[in-house]
Each structure stands twice: as C-alpha cells, then as structure tokens.
Amino acid sequence: MSQGAVATAKAPPRPGHRLGLGGPGLTRGLVVGYLSLMVLLPVAAVAATSLEGGIGAFWDAVSAPQAVAALKLTVISSLIVVAINVVFGTAIAWVLVRDQFPGKRFVNSLVDLPFALPTIVAGLVLLALYGETGILGIEGISFTRVGVVMALLFVTLPFVIRSVQPVLLELDAEMEEAAASLGARPLTIFRRIVLPNLAPAIVAGAALAFARSVGEFGSLVLISGNIPFETEVSSVYIFGQIESGNTESAAAVSVVLLAISVGMLFLINLLGRRMLRHGS
Amino acid sequence: MAVSATDSGARNIVDGGRAARYGLRTVALGYLGLLLVIPVALIFYKAFEDGFAVAWEAVTTPEAQHAIYLTVLMVVISIPITTVFGIAAALVIVRQRFRGRALLNAAIDMPFAISPVVIGLSLVLLYGSRDGWFGQDLAAAGIEVIFTPVGMALATMFVALPFVVREVIPVLQEIGDDQEQAASTLGAGPWQTFWRITLPSIRWGVTYGVVLATARALGEFGAVAVVSGRISGSTETMPLYLRRLFDTFNVSGAYAAAVVLALLALTVLFAMNFIQRRDRAILAGPSVATEPGAVVPHLDVTDDKENPR
C-alpha cells in the first residue's frame, strides 16, 4: 500500500490524466462487455429468431387471433392499471408526505411490499382473497379480467408513489401557502401549483408501472386462469408458445411486446423531459 | 411578516381542507389495506388453517428443502456478480465522458422493460442445446445451460442486473468527485481511492441495491420457469415449487411455501427500511440536498439577506 503511494507520488502530478486512461477504459470495456453478453445478445437472439421465417411468418405469428387478443388485453389492462396508479399513487404519496397520523412510518415501509414479495406469492394471495373459495367470497374475480387488473395493481403499486414522494418532499409549501393567502381554494392550489410540479414524477412512475404491467407474468399465472381470448395476457401466451415448441412465434410476439414497453418508456421519457423544460 | 403570512396561509389550508384531508387519508389507507395488508395477512391465516403440522410438513419435504437450497444458491451466485458489475457500471456512467454513454445508461434499464418470459426465451434461443446459437457448441464441450442451474443463474443475473446500478448512480452524482480528486492529487492510486474514498461513501446505496436485487432474485418466477424446465427436486426453486403444489391441488402446502417466501420478503422489507433510515441520517448531515433540491438552500440564503432590508 505504502509502496503504491510512493510510486504514484513519484509520477508527475496529473490527476486528470489518470482518470481518463488505462484503468477506466478497461472498466468501461468490461461493463459494456458484460451488458452485451447478458442482455443485448439475448435480446438480439429474440429479434433474429422472430424474423427467421421471413416477414410473412412474423406477421402470421403476430396476427394470429389468439396472439392479437392477448396483446389487446395486455395493453388495455396496463393502461387501466396505469390510470388507477396515477390517481391513487399520487394520493398515497401526498398522504405519506403531507399528512400526519400514527403509524405513518409503518405504512410508508409497507408500500415497498410488492417489490419484496415474490410475484407468484402475490398471485396466490389475491386468489386467496378473491378466489371462488376466497375469504371475501366475491365470486367472478378470479379467472376474469378484473382479476388480471387486480394482480397488476398489486405488483405496480410502489412505482408512482416512490417516484412522487421525493419530489413532494422537496416541494416548498410556501408557494401553496402564498396561493392560499391570496384566496385560492385547495383544489385550485392543487391543480395550478402542486400538479404541475409533480407531473414529471407522476409520468416517470407511470411509465415504469406500464412497462412492468405489459411484461408481468408471475402474479398472473394463478389468478387469471389463462383462458385464451378471455384472460390470457401476452406473457402467458408467449409461455404457452415456448412450451409447445413454437419458439419462432413466441419470439415474434416477444418483439411486439418489447417494442410496446420500450416505445412507451421512450415516449414518456421524452414527454417528461419536455415537461421539465417547460416547468423550469 | 413572513411568519404571519405563513401562519394564516397554513390555517387557511387546514380549515378549507380538513374534511378533504381526512377523506384523502381514508382513501389512501383504505386502498393500501384492501390491496396489500389484508391479502398478505391472509396467506399466514391460510397456511396454518389446517394446523401447523401440515404447513411444516409441506416445507420440509426433500423436494421443498432442495427448492429452498436452490433459491438461496441462485442468490449466492448472481448477487455478488451483479453487485460488482453495478458499482463498475455506475462509476463508468457517472465519472466518465464518452460517446454512447446515454445509450449504455438506457441499455442498463432494459431488464426492467422486458417480460420475464421473454428473458427466459432469449436464453433458450442462445443456449438451448438443440438449436441455440451457442447451445450446440457448449453441449459438445459438455456444458448444458438450459434446464440446469447454470441457465437459471443466468436468468437471475439478467433480471437483477439494473438494481445496484440504479441505486448507486444518484449517490455518486450527489457526492461529486472532489474527494476522489483530492486523494489522487495526494498520491493515492485508483484502487486506493476506490477502497478508501468512493466505496465508503456509496456503501448504503450499494446495500440498498443489493437488497432490492436479492428480493427480485429470491422471487423470480417467469424467467426461471422458462429456463429451468421445472424438474422437481432438481431445477425447481421455491416459487416454482409453490406453483406445482398449487397445480397439484396441495393448496395448503402452497400457502405454506408462500409463507416461507413472504417471511423472506418481510426480512428484505425490514432491511430496506433500516437502510433508508441510516441513509437519511447520513444525508441529514452537512449537505442535505438531493439533486434537484440543491436550489432550495440558496433560495433560503437570499431570503435571509432580503428580510433585514
């Protein structure tokens, strides 16, 4: 250790130089290499396989009625889930930051539960509650589209809350107080002052929730019942195609699914950046 | 003057919004209760409905023990690698300027946007021994990836990849590189600077990322389900075992397995909570500001200067 210190002390003092060459370049190479091998190459394999049989085969696989029904259900239920998340997520974040009540810290840590709980357990839990022999005995939620939405709501709960909370903490209450002292009503204050400040965070959280919903699998396999044309989402459809050896068709639908979630993330990033620029 | 304005403003909000506030609180807590608390409490009830012995038996069969062992093994293999990669990637993204940096940053998030089933499929397409890109060569060399723990570990590493990076990047941005520069000017080598300066200041960020990645690795279902072939007693992790119990109508066994997983999850949750509190204690020190809030203290200073005038 002291030897190293001596050796570097002898070298001419040019700290900036060392940061830019040799070691850092190697680290960067390793990082890019690992990412390529672990993520990019597998994704490339999916894309390549989807086109193995030509464009015609790709289109046939994607436009198969069962695949279309699954994609439709996936996108529509994800949009519903995102809309609910935006409203309740913002409300919960608000209550957790601005409201004071006993047990607040406990509730706050509870919000992370869906991140910590394995998705298959989440599915089982919802089935226990809303299944046919469920405790609440609400019939007709398990193996229905409502069940799909419930499961997605469970697993995506933290995204909007955790995205809005830090911004709300930073948001100065003085602006709202000034508006209030000038006679603005709470709803006006919320709409004109709070919401514009929170919008980028809400959108960012919504984007993550959407991407998660579109690909969700574990929590849905039990509660949705996986009935084709009824409660079968795309990830379950892809799983079925893999199981029956139709890897090309599975890859084709995967590419569409990937395009939807990556496209949505990109679009919303763009929107968020524009809002940030507009806001400042 | 400023004080009285604040007071009346606050009272205004409170007066106008007391009903709204209680209403909002009820709605928010009610939603959390219905969606989270009741369902999760219910698994414990369901698991022990037929008595403790039944539940205990379900999670102590040789198959269950192997599933628990394999689940832990996946975490032990994948998390250290993910952690080293995560720290290195965060350093590269925050501290280096190069072309394609934004692309690298975006590519790291890809596992968040890809369905677990698609992740599993992608690994089958690469390493499947019949027609995978590398599968035949690897099989010829005697290495089987798909339907073995090797492939399952790869799947786990894929899904866990972004967590540490995402937690470390903001911390690195916040601490800046002044101290690192100082250390290096004083003659510290890159490794010495890393161990003595950088790592100690990002350790809570790293830990938080590790906890999140561990939670994901413990519970991963889709990617592992595709890759493992779900051979009981051989490539079955705890979540896969739970699914099979449920499918074979051993419902109380499934709930018992769920309790084991839920207890692991609650441990993770407790760790997250603990780390966050430590983190906040450190942040509450001399420099409070997180990224965008850096503006706020400056505003306060100008306010103070203007007030005496």
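Keep in mind the model is a prediction, meaning the values are calculated, not measured.

Caption draft 1: A look at the overall build of chain A. On a plain count of helices and strands, chain A comes out with 14 helices and zero strands. If you list the helices and strands of chain A from N to C, you get α-α-α-α-α-α-α-α-α-α-α-α-α-α. Counting all 280 residues of chain A, 50% fall into the buried class. In chain A, of all internal contacts separated by at least 6 residues, the share reaching a separation of at least 24 is 75%.

Caption draft 2: Structural detail: helix H10 (residues 173-181) of chain A. All names here are of chain A. Of all the positions in H10, only Glu 176, Glu 177, Ala 179 and Ala 180 are classed as buried. Down the axis, H10 shows its buried residues gathered within 160 degrees of arc, on one side only. Two residues or fewer past H10, Gly 183 is found with a positive phi of approximately 95 degrees.

Caption draft 3: Main features of the interface of chain A and chain B. Chain A puts 87 residues into the contact, and the matching count from chain B is 94 residues. With both chains or domains summed, chain A and chain B bury close to 8000 Å², and 77% of this area falls on carbon and sulfur atoms. Remark: the boundary between chain A and chain B carries two salt bridges. At 18 residues, helix H3 (residues 23-50) of chain A tops the list of elements feeding residues into the side of chain A that touches chain B. Residues of the side of chain A that touches chain B, tallied by class, amount to 63 nonpolar, 14 polar and ten charged.

Caption draft 4: Region of the structure containing the environment of Leu 264 of chain B. Here Leu 264 of chain B is to be found in helix H13 (residues 251-283). Sequence separation of Leu 264 of chain B and Ala 215 of chain B is 49 residues, and the distance between their C-alpha atoms is 8.2 Å.

Caption draft 5: Focus on the nonpolar core. Judged by nonpolar contacts, the single largest core of 176 residues is most densely connected at Val 121, Leu 124 and Phe 154 of chain A together with Ile 43, Phe 85, Ile 108 and Leu 242 of chain B. Both of domain 1 (12-47) and domain 2 (53-279) of chain A provide at least three residues apiece to this core. Ignoring sequence-local partners within four residues, the contact set of Ile 43 of chain B consists of Val 121, Leu 124 and Val 125 of chain A together with Tyr 255, Ala 258, Val 259 and Ala 262 of chain B.

Caption draft 6: Geometry of the side chain of Ser 249 of chain A. Residue and element names in this part refer to chain A. Mapped onto the secondary structure, Ser 249 falls in helix H14 (residues 247-279). Ser 249 gets classed as buried once you look at its relative accessible area, which sits at 13%. Reaching out from Ser 249, the side chain makes a polar contact with the side chain of Gln 241 at a distance of 2.8 Å. Excluding residues that lie within four positions of it along the chain, Ser 249 makes contacts with Ala 61, Tyr 237 and Gln 241.

Caption draft 7: Local environment of helix H8 (residues 149-175) of chain B. All names here are of chain B. If you check H8, its first and last C-alpha atoms are 39 Å apart, about what 27 residues at 1.5 Å a residue would give, namely 39 Å. Along H8, the largest kink reaches about 35 degrees and is centred on Ala 160; proline Pro 162 follows within four residues of it. Directly after H8, the chain includes Gly 176, whose backbone phi takes a positive value near 70 degrees.

Caption draft 8: Region of interest: the packing of helix H3 (residues 62-95) of chain B against helix H12 (residues 238-247) of chain B. All names here are of chain B. Relative to each other, H3 and H12 sit at 145 degrees, their axes nearing to 8 Å. Counting all contacts with H3, which are made through Glu 63, Ala 64, Ala 67, Ile 68 and Thr 71, the residues of H12 involved are Met 238, Pro 239, Tyr 241 and Arg 244. When the residues that make up the contact of H3 with H12 are grouped by side-chain class, the tally is six nonpolar, one polar and two charged.

Caption draft 9: Highlighting the pattern of salt bridges. Residue and element names in this part refer to chain B. In total, this model carries eleven salt bridges over all chains according to the counting rule given. A salt bridge links Glu 63 to Arg 244; its shortest N-O distance comes to 2.7 Å. Of this pair, Glu 63 sits in helix H3 while Arg 244 sits in helix H12; the two residues are 181 residues apart in sequence, bridging distant segments of the chain. Residue Arg 216 pairs with Glu 220 through a salt bridge whose shortest N-O separation is 2.9 Å. Glu 220 matches Arg 216 in its accessibility class, with the two residues each being buried.

What counts, and at which threshold
- Residues numbered from 1 in each chain as written.
- Chains lettered and ligands numbered in written order.
- Predicted model: local features only at pLDDT ≥ 70, side-chain atom pairs only at ≥ 80, totals over all residues.
- Heavy atoms only, no water.
- Helix = DSSP H or I, 4+ residues; strand = E, 2+ residues; numbered from the N terminus.
- Buried < 20%, exposed > 50% of the residue type's maximum accessible area, 1.4 Å probe, protein only.
- Contact = heavy atoms within 4.5 Å.
- Arc of directions from axis to C-beta.
- Buried area = accessible area lost by both parts, 1.4 Å probe.
- Salt bridge = Lys/Arg side-chain N within 4 Å of Asp/Glu carboxyl O.
- Nonpolar A, V, L, I, M, F, W, Y, C, P; charged D, E, K, R; others polar.
- Core = buried A, V, L, I, M, F, W, Y, C linked by side-chain atoms within 4.5 Å.
- Domains from an automatic or database assignment.
- Polar contact = N/O pair within 3.5 Å; in protein donor to acceptor, adjacent residues only side chain to side chain.
- Expected span 1.5 Å × (residues − 1).
- Bend = angle between axes of the 7 residues up to and from the residue.
- Axes fitted to C-alpha atoms, helices over the stretch in contact; angles between N-to-C directions.

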